Amino acid sequence: MKRTIVSKFGGSSVENAGQIEKVKNIIGDSKNRKFVVVSAPGRDETHRQKITDHLLNVATSGEHLTKYVSVAQSKKAIVEKFASLLKGLGLKDEGLLKNVEEDFNTSLKGDARSAFLASRGEHYTAKIVAAYLNKSGIAATVCLPEEIGFVVSDEILCAKVLPETYANLAKLKEKEAVCVIPGFYGVTKAGEIAVLSRGGSDLTGGEVAYAVGASLYENWSDVDGVYEVDPRIVKTSDVIPRLTFKEIRLLASKGFNVFHFDAMNNCKKSNIPITIRNTNRPSSVGTMILNERVPEEDVVGIAKLDHMAYIYLEKEGLGETIGFTECLLSIFNQYGIKTYHYPTDKDDIAVLIKKEDLAGNINNLRSDIEAQLSPSSLEVVYDVAILSLVGIGMKYNSSVIADAVWTLKNNHIDIEMLDHGPAKISFHIGIAQQHANRALELLYEKLILKK
Ligand code: ASP
């Protein structure tokens, strides 16, 4: 059976002509790369903001990048960017720059204006990439979301993909040429341009892969793959070659910045592996994410969440009171505060949250908890970091947990919290923020480097 590959290229892969040439070489390397999804150009040496942010700045009369960049500067950055891509790739303008200028004058208002303008980065980048592929002898066609039926919901600044999209996209399989699809945006049933959440081109790629029944979804950016631990802290950290969807979900939810969380959902469901690859180093194999792998190591990665806090409550019998935890969590929810862990026992419970989420909320939150749940004590502990060990091999060797605890103890790092994930493939350790980086290095050496 013919293999079909969907390749998504992020902002750094299309930030200048040199990068787009690399994209072309990658596509030219395999006839199976039939679907190409592109982001808008990211930051570069001269522009500190992404093109999408400049576009949003234009849409919001300078509100989006308040204090940093004026509307005029954003317009200039956008036009210069597309002009330099065209020039650098030796492409004729064909009215593209004029269209960009016209888009700036759209009569749309409010959110519709923001969504439309935000989508233009991907829109024009796809046109440029397709033109360059054709010029280089690779037959390519632009497939705009509004033309191919990439239908999304009416929340036009954070739209969700609607089910009819899949049947519409499946028709693209009939095309002979490489389909170049702008990521990040779609069209509502009423025909309005709408954008997905930020970073949404990853999501477009995942949905295209699912719809066309791809054998692989490649996610190309400027990193070699998913690292065992944050390489800025542990320089010797390696790329993890293979990870399960379950492992990546756990690592991503605990601080690993991989790609759009929801991009994985449909690939997981239909067993489409995802690879994380580096456009600048196509020879490195990257990280493969799949449903199943042989657990050769216990801990595959360690994530770190910094600057957390926890709210600690005591009340006799709370652990046995049906609805207590639900009520407590719903109070956090009312304030829009995400909760991470809530280890509980007979008479007490702690809820982990981000410290920044408490700013401006803590007094009201405390009053609400006291009024609704009458705890005998309520304490807030700030500046905690959470280290999360993840690996499906931990299920078969829980002694790594003892190793982790001993390693911290031997280095005089006190433990604030322990939480063993019920699937037994993750273990979370809370420690004082000041020890976080050192603890990560120690645990890396003990649990990952040992192999
Ligand atoms: N350009 C959009 C953003 O900056 C979407 C993407 O890059 O995936 O969020």
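Structure's up top.
Being a predicted model, the structure only gives us computed values, none of them experimental. (Residues numbered from 1 in each chain as written. Predicted model: local features only at pLDDT ≥ 70, side-chain atom pairs only at ≥ 80, totals over all residues. Heavy atoms only, no water.)

With respect to the overall build of the protein chain
Reasoning step 1: Regarding its fold elements, the protein chain presents 14 helices and 15 strands.
Reasoning step 2: The globule rule puts the C-alpha radius of gyration for 451 residues at 22 Å, and the 24 Å found for the protein chain is close to it.
Reasoning step 3: Expressed along its principal axes, the backbone C-alpha trace of the protein chain runs to roughly 70 × 50 × 40 Å.
Reasoning step 4: For the protein chain, restricting intrachain contacts to residue pairs at least 6 apart in sequence, the fraction spanning at least 24 positions comes to 73%.
Reasoning step 5: Charged side chains of the protein chain number 54 positive and 57 negative; the gap between the two group centres comes to 6 Å. (Helix = DSSP H or I, 4+ residues; strand = E, 2+ residues; numbered from the N terminus. Rg over C-alpha atoms; globule rule 2.2 N^0.38 Å. Contact = heavy atoms within 4.5 Å. Lys, Arg positive; Asp, Glu negative; His and termini not counted. Charge placed at Lys NZ, Arg CZ, Asp CG, Glu CD.)

A closer look at unusual backbone geometry
Reasoning step 1: Residues other than glycine seldom take positive phi values, yet F184 does so here, at roughly 80°.
Reasoning step 2: Among the secondary structure elements, F184 is positioned in the loop between strand 4 (178-182) and strand 5 (185-187).
Reasoning step 3: Positive phi outside glycine occurs at H307, with the angle close to 50°.
Reasoning step 4: Turning to its location among the elements, H307 is positioned in strand 11 (residues 301-314).
Reasoning step 5: Looking at H307, the relative accessible area reads 45%, which means it is partly exposed. (Buried < 20%, exposed > 50% of the residue type's maximum accessible area, 1.4 Å probe, protein only.)

Digging into the pairing of strand 14 (residues 415-420)
Reasoning step 1: As paired elements, strand 14 and strand 15 (residues 426-432) share 5 bridges and run antiparallel to each other. Bridge pairing links L418 to I429 in strand 15.
Reasoning step 2: Hairpin connection, strand 14 to strand 15: the antiparallel pair is bridged by 5 residues, and K424 has positive phi, about 65°. (Pairing = 2+ DSSP bridges.)

Focus on the nonpolar core
Reasoning step 1: With 90 residues, the main nonpolar core has V6, F82, V180, I181 and I274 as its most contacted residues.
Reasoning step 2: Examining the composition of this core, we find that 12 residues originate from one element, helix 5 (residues 110-135), more than from any other.
Reasoning step 3: Beyond its immediate sequence surroundings of up to four residues, I181 is in contact with F35, V36, V37, V38, A126, C143, I148, L172, T204 and V208.
Reasoning step 4: One finds V299, L408, I429 and A439 within the second-largest nonpolar core, a separate group that totals 23 residues. (Core = buried A, V, L, I, M, F, W, Y, C linked by side-chain atoms within 4.5 Å.)

Focus: the sheet that holds strand 15
Reasoning step 1: Ordered in space as 12-11-13-15-14, the 5 strands form an open sheet in which the pairing is antiparallel. Of all the strands in the sheet, just strand 12 (348-354) and strand 14 have a single pairing partner and so form its edges. Between one strand axis and the next, the sheet turns by 35° as a mean value, whatever way the strands run.
Reasoning step 2: Where helix 12 (residues 362-373) meets the sheet, it contacts strand 11 and strand 13 (377-390), and its direction lies at approximately 105° from that of strand 13. (Axes fitted to C-alpha atoms, helices over the stretch in contact; angles between N-to-C directions.)

Side note on the pattern of salt bridges
Reasoning step 1: If you walk through the whole model with that rule in mind, you get 16 salt bridges.
Reasoning step 2: Put simply, D202 and K8 hold a salt bridge, and the shortest N to O gap is 2.8 Å. Of this pair, D202 sits in helix 8 (residues 201-211) while K8 sits in strand 1 (residues 5-9), and the two are 194 residues apart along the sequence.
Reasoning step 3: The buried category is assigned to K8, whose relative accessible area is 6%.
Reasoning step 4: Among the charged side chains, a network of salt bridges with common partners joins E247, R293 and E297. (Salt bridge = Lys/Arg side-chain N within 4 Å of Asp/Glu carboxyl O.)

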